[in-house]
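Geometric and topological summary
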Amino acid sequence: MFSQPISLKFLYFLVLISSVTCISKHPVLIVVSFDAFRYNFFETENLPYMQLIKTKGTHAEYLYNVFPTKTFPNHHSIATGVFPEVHGVIGNSYYDPEIKKVMKMGPGMYNYNDRVKPIWRWNEDQGNGRYSGTFMWPGGDYSYQGKNITYSVGFQAGYDWKKRVDQVIKWILDPDKPANLVMLYFEEPDTHGHAFGPNSVIIKDLLEKLDNITGYLHAQLEHHNLSDKVNVVQLSDHGMTAVSPPFFINITQYITNGTYEWAGASPAIQIIPHEGHEDIIYSALKKGSKENGHFKVYKKSEYLDRWHYKNNPRSPPILVMADEGYALDDLIISAPQYAKKYNFTLTNQSEFGVHGYDYTVKDMHPYFMAIGPKIKKETKVDPFNTVDLFNLFCAILEISPTKNNGSSTPASHVLAAAGPGKYSVGTILMMSIGGVLVALLLVSLAVVFTLMAIKRQQNITTAAALNKRFPQTFQNYIEAQHLLEPEEA
Ligand SMILES: [Zn+2]
């Protein structure tokens, strides 16, 4: 039978096994967004870490994002699986007809539809030890349905990138409330892309840094023995295209100051005519569009159905949309501000980054890649919709999705087959060894306890018998036990 030192070794193994699996008992998912990381940056840049994830895991050449291809609408469609007309984040800013004010980032922007639950809220609603975290994800630090999630950090420009990753890992490894879902956001290459354009050396440098932080994230997962347990989805909200000053169009020259409000930014400007000025403004802009030839004007009834943008009171009465490669009045104002802020000379050759065009414009396409125990290996899937991601997240997390606008087909193409096949060889080996060791430990403990019980029973019986026969002192009892030793063999 096992001696005591061997039993201790088994206990040590048990502790070792439990320390390895000391994360959430549920599937774990990290969603990483690089704002404005265009789908084809991989073609021109050397991005070894991201290329590795792309090759080893599952990727799509690009995603079809939602209209307008702006940051806040898209991040919220990624998180909720519904179109902007449903979640209400119809732009990075919009005019609220009820309070008659231009609204920007804030809880009011996100709390439009109380039935819409972002994935972080929905994950925690399932209970049973599911905890969510959002790190700077747009809209991630607001309460939904009157509740906050367990972990949340609001946007802080310039926050150290490695510290973001370290914090995410800490949430996942938290001994009391281990996060099983974390949404992690990086504001580049968007921030500098707007000021320098997507073709600049500054952006090349930032893409390399984003590649390095990807390497750092996966190295940290490896370091904490989490690579086989954590699924990582990496994506972006939209791409970006370059626009120069000769392609800036002044649309407000066609309409009279003081007869309208406006919101949004190039290439899509929302026009809200004051009462009684609707027809005049629409006709004037249409006339301007015909003259200029590089922007289009829509009234609400003309918004394309496939935009899923029209059925919401926040959706503007008129939308002016620059053609690809063109921008509008807001960039005429902000271009010299960028030049001043970043200390460069504004010329006709200066390039600025613009996004927000129709999602069919190729430069607006975001990227998608995923890797982890629940993700197919070395697989390429067809481009799919941003609103389909919610179903994919739910499938990875093994929770039923809420009602949404997405399809579940892409998830079925991205996910590895259920059952043992979903685990890596390493995980299966670890689980098997762990299982055998635990079984052996339990058997050995059972044998040891049984033997001890038998021995105790024998001792009691024998001692009682001896005591009856030899009602003597304790010393006699010891001696009597000694006499019985051979019987115990
Ligand atoms: Zn963005």
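Note that this is a predicted model, so its numbers are computed, not measured. Residue numbering note: each chain is counted from 1, following its sequence as written. The model is predicted, so local features are restricted to residues of pLDDT at least 70 and side-chain atom pairs to those at 80 or more, both for listing and for counting; the totals for chains, interfaces and linings are taken over all residues.

As for the overall build of the chain
The helix count covers DSSP runs of H or I at least four residues long, the strand count covers runs of E at least two residues long, and both are numbered beginning at the N terminus. Each helix and strand in the chain was counted, giving 16 helices and 18 strands. Classification of the 489 residues of the chain by burial places 41% in the buried group. Put simply, of all contacts in the chain between residues at least 6 apart along the chain, 74% involve residues at least 24 apart. Note on burial: count the other C-beta atoms lying within 10 Å of the residue's C-beta; 20 or more is buried, 12 or fewer is exposed, in between is partly exposed, and C-beta positions come from the backbone. Once C-beta atoms are placed from the backbone, any two residues with those atoms within 7 Å are in contact.

A look at unusual backbone geometry
Note the cis peptide between Phe67 and Pro68, where omega equals -5°. Inspection of the secondary structure puts Pro68 in the loop between β3 (63-64) and α4 (71-80). Here Glu188 and Pro189 are connected by a cis peptide whose omega angle stands at 10°. Mapping Pro189 onto the fold places it in the loop between β8 (179-186) and α9 (190-196). With phi around 60°, Asn225 is a residue other than glycine that occupies positive phi space. Residue placement: Asn225 occurs in the loop between α10 (201-223) and β9 (230-235).

Some details on the pairing of β9
Summarising burial for β9: 6 of the 6 residues are buried, a large majority. Across the two faces of β9 the burial is the same, with Val230, Val232 and Gln234 and Asn231, Val233 and Leu235 all buried. Two strands are counted as paired when DSSP detects at least two bridges linking them. The sheet contact formed by strand β1 (residues 28-34) and β9 spans 6 bridges and is parallel. Across the sheet, the residue bridging to Val32 is Gln234, located in β9. When β9 meets strand β16 (residues 368-371), the two strands line up antiparallel, connected through 4 bridges. Bridge assignment links Val233 to a residue of β16, and that residue is Ala370.

Topic: the confidence of the model for the chain
One number per residue, pLDDT, summarises how confident the predictor is, and it ranges from 0 to 100. Here the chain averages 87 in pLDDT, and 81% of its residues register 70 or above. Ignoring residues within four places in sequence, the model shows residues 12-19, a span with pLDDT below 50, making 5 contacts including any to other chains. Low confidence marks residues 458-489, where pLDDT is under 50. Its contacts with residues over four positions away, or in another chain, come to 8 contacts.

Examining the sheet that holds strand β7 (residues 151-153)
A sheet is described by the order of its strands in space; here 8 strands give the open sequence β7-β6-β8-β1-β9-β16-β2-β17, paired in mixed fashion. In this open sheet, the two edge strands, each paired with only one partner strand, are β7 and β17 (379-381). Averaged over neighbouring strand pairs, the angle between their axes works out to 10° when direction is ignored. Where strand β6 (residues 131-135) lies against β7, 3 bridges are found, and the strand directions are parallel. Each residue of the ladder has a partner; that of Phe135, found in β7, is Val153. Helix α13 (residues 389-397) rests against β1, β8 and β9 of the sheet, and its axis sits at about 150° to β1. Here an angle of 0 to 180 degrees is reported between the N-to-C directions of two axes, which are lines fitted to C-alpha atoms, with helices fitted over the stretch in contact.

What to know about the pairing of β6
Among the 5 residues of β6, 5 are classified as buried, and the element is accordingly described as predominantly covered. Alternating residues of β6 divide into Tyr131, Gly133 and Phe135 and Ser132 and Thr134, and every residue in both groups is buried. In the sheet, β6 pairs with β8 via 5 bridges, with the strands oriented parallel. When the bridges of β8 are listed, Tyr131 appears paired with Ala179.

Observations concerning the nonpolar core
Among the nonpolar cores identified, the biggest contains 114 residues, and Leu29, Ile30, Val182, Met183, Leu184, Val320 and Phe393 are the most heavily contacted of them. Sorting elements by how many residues they give to this core places α13 first, with 8 residues. Domain delimitation in this document rests on an assignment produced automatically or drawn from a domain database. The two domains that each donate at least three residues to this core are domain 2 (27-240 + 359-421) and domain 3 (245-354). Under the definition applied here, buried Ala, Val, Leu, Ile, Met, Phe, Trp, Tyr and Cys residues are grouped into a nonpolar core through C-beta atoms within 7 Å.

With respect to the packing of helix α8 (residues 161-173) against α10
A pair of packed helices is captured by two measures, namely the crossing angle of their axes and the spacing between those axes. In the contact formed by α8 and α10, the axes pass within 10 Å of each other and the chain directions differ by 25°. The angle between α8 and α10 falls in the class roughly parallel. Considering the relative orientation of α8 and α10, their crossing is right-handed. Across the interface between the two elements, Trp161, Lys162, Val165 and Ile169 from α8 touch Ile213, Tyr216, Leu217 and Gln220 from α10. Residues are grouped as follows: Ala, Val, Leu, Ile, Met, Phe, Trp, Tyr, Cys and Pro are nonpolar; Asp, Glu, Lys and Arg are charged; all remaining types, including Gly, are polar. Classifying every residue of the contact of α8 with α10 gives 6 nonpolar, 1 polar and 1 charged. What sets the label is the angle itself: under 35 degrees gives roughly parallel, over 145 gives roughly antiparallel, 65 to 115 gives roughly perpendicular, and the rest give oblique. Crossing handedness follows the turn of the near helix against the far one: under a right angle anticlockwise gives a left-handed crossing, and clockwise gives a right-handed one.

Let's talk about α8
Spanning 13 residues, α8 covers 19 Å between terminal C-alpha atoms, matching the ideal 18 Å at 1.5 Å per step. Every buried residue of α8 is accounted for by Arg164, Val165, Val168, Trp171 and Ile172. With its buried residues spanning 120° around the axis, α8 presents them on a single face. Among the exposed residues of α8, those pointing more than 90 degrees away from its buried face are Lys162 and Lys163. Expected span, for any helix, means 1.5 Å times one less than how many residues it has. Our arc is simply the arc of the directions from the helix axis toward the C-beta atoms.

Things to note about the packing of helix α3 (residues 48-56) against α10
Packing of α3 against α10 brings their axes to within 7 Å, and their N-to-C directions diverge by 60°. By the angle between their directions, the pair α3 and α10 is classed as oblique. Taking contact as the criterion, the partners of Pro48, Tyr49, Met50 and Ile53 in α3 are, on α10, Asp211, Asn212, Thr214, Gly215 and His218. The residue makeup of the contact of α3 with α10, split by class, is 4 nonpolar, 4 polar and 1 charged.

Considerations on the sheet that holds strand β12 (residues 268-273)
Read across the open sheet, the 4 strands follow the order β11-β12-β14-β13; overall the sheet is antiparallel. Where the open sheet ends on each side, the last strands, each with one partner, are β11 (260-265) and β13 (295-299). Taking the axes of each pair of neighbouring strands and ignoring which way they run, one obtains an average angle of 20° across the sheet. Sheet topology places β11 next to β12; 6 bridges connect them, and they run antiparallel. Each residue of the ladder has a partner; that of Gly264, found in β12, is Ile269. Packing against the sheet, helix α11 (residues 278-292) makes contact with β11, β12, β13 and β14 (318-322), and its axis sits at approximately 155° to β13.

Quick look at the environment of Met50
Tracing the sequence through the fold places Met50 in helix α3. Taking C-alpha positions, Met50 is 6.6 Å from Thr214, a pair spaced 164 residues apart along the chain. When residues no more than four places from it in sequence are discounted, the contact partners of Met50 are Phe42, Asp211 and Thr214.

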